[in-house]
Structures are given as C-alpha cells and as structure tokens.
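Examining the three-dimensional arrangement
Below, each chain spelled out in residue letters.
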Amino acid sequence: MEELLKLRKKIDLIDNQLIALLGERFSLVNEVVAVKTKLGLPAVIPTRVEEVRERCKEIGATYNLDKNFMHDLYTVIIDHYCEREDRFLKNK
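Here goes a summary of the coordinates provided.

**Considering the overall build of the protein chain**
- Each helix and strand counted, the protein chain has three helices and zero strands in total.
- Listing the helices and strands of the protein chain from first to last along the sequence gives α-α-α.
- Seen along its three principal axes, the alpha-carbon backbone of the protein chain occupies a region of about 55 × 25 × 15 Å.
- Each of the 92 residues in the protein chain was classed as buried or not, and the buried ones make up 21%.
- For the protein chain, long-range pairs separated by at least 24 residues make up 68% of all intrachain contacts whose partners lie at least 6 apart in sequence.
- Total accessible area on the protein chain is roughly 7300 Å²; 60% of this is exposed by carbon and sulfur atoms.
- Taking the 16 positively charged and 16 negatively charged side chains of the protein chain as two groups, their mean positions are separated by 4 Å.

Next up, the structure:
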C-alpha cells in the first residue's frame, strides 16, 4: 500500500504541474486576444487550430501517447480557450 501512496503522490505532483502550465497557457491566450483585437482577427483561426492539434499529436507520440487521445485533449483545450476569446472579442 505504501508503494501505491508514493505513486499517487507523484501523480498529484504532476497534476499540479499540468494545472500550473494550463494556467500559464491561459494567461498567454489573454495576450493573444489583445493582439487579435488590434489586428481585427477572429477568435478561431482554423488553420492554426489544426496546426496545434497536429503538432501536439506528433509530440505526444514521442511519449507513447495515443494520437486520438492527444487530438481529443487538445480539442477540449483549444475549444475552451477559443470560446473565451470569442466572448471577449464580441464584447469589445
């Protein structure tokens, strides 16, 4: 049981790091919104969205992560941030 607890603590630490990185990503998205506002760009730029998904699938594969999982994960992440960007840009 002690071995399981140690492994769970390691997983918890990694989860903390993932959440911190998502928070950092979120902050950068706020900066992107400011730039898109200046340039008159829409929240969603489909070519960029696909570029990010594909890049993350390839990087994930180097860590033996399933490409479908990476695609789905980044779809959720990107959709969340794009919806936020869209709401912000519509309120400008």
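**Here's the deal with the nonpolar core**
- Listed in full, the ten residues of the largest apolar core are Val29, Val49, Val52, Cys56, Met70, Tyr74, Ile77, Ile78, Tyr81 and Cys82.
- Of all the secondary-structure elements, those providing two or more residues to this core are α2 (46–62) and α3 (67–90).
- Among the elements that take part in this core, α3 stands out by supplying six residues, more than any other.
- When near neighbours in sequence (up to four residues on either side) are disregarded, Ile77 contacts Leu22 and Arg25.

**Some remarks on α3**
- A rise of 1.5 Å per residue sets the reference length of α3, with its 24 residues, at 34 Å; its end C-alpha atoms lie 33 Å apart and thus fit the reference within 8%.
- Buried-residue contacts for α3 involve α1 (2–39) and α2.
- Between the side-chain oxygen of the N-cap and the backbone nitrogen of Asn68 there are 2.9 Å, and the N-cap of α3 in question is Asp66.

**Some details on α2**
- Compared with the 24 Å implied by 1.5 Å per residue over 17 residues, the 25 Å span of α2 between its first and last C-alpha is a close match.
- Along α2, the positions that sit buried rather than exposed are Val49, Val52, Arg53, Cys56, Lys57 and Gly60. Buried residues in α2, looked at end-on, bunch into an arc of 130°, giving them a common side. For α2, the exposed residues lying more than 90 degrees away from the buried face are Thr47 and Thr62.
- On its buried side, α2 packs onto α1 and α3.

Definitions and cut-offs
Residues numbered from 1 in each chain as written. Predicted model: local features only at pLDDT ≥ 70, side-chain atom pairs only at ≥ 80, totals over all residues. Heavy atoms only, no water. Helix = DSSP H or I, 4+ residues; strand = E, 2+ residues; numbered from the N terminus. Buried < 20%, exposed > 50% of the residue type's maximum accessible area, 1.4 Å probe, protein only. Contact = heavy atoms within 4.5 Å. Areas by Shrake-Rupley, 256 points an atom, 1.4 Å probe, with all protein chains shown as cover. Lys, Arg positive; Asp, Glu negative; His and termini not counted. Charge placed at Lys NZ, Arg CZ, Asp CG, Glu CD. Core = buried A, V, L, I, M, F, W, Y, C linked by side-chain atoms within 4.5 Å. Expected span 1.5 Å × (residues − 1). Polar contact = N/O pair within 3.5 Å; in protein donor to acceptor, adjacent residues only side chain to side chain. Arc of directions from axis to C-beta.

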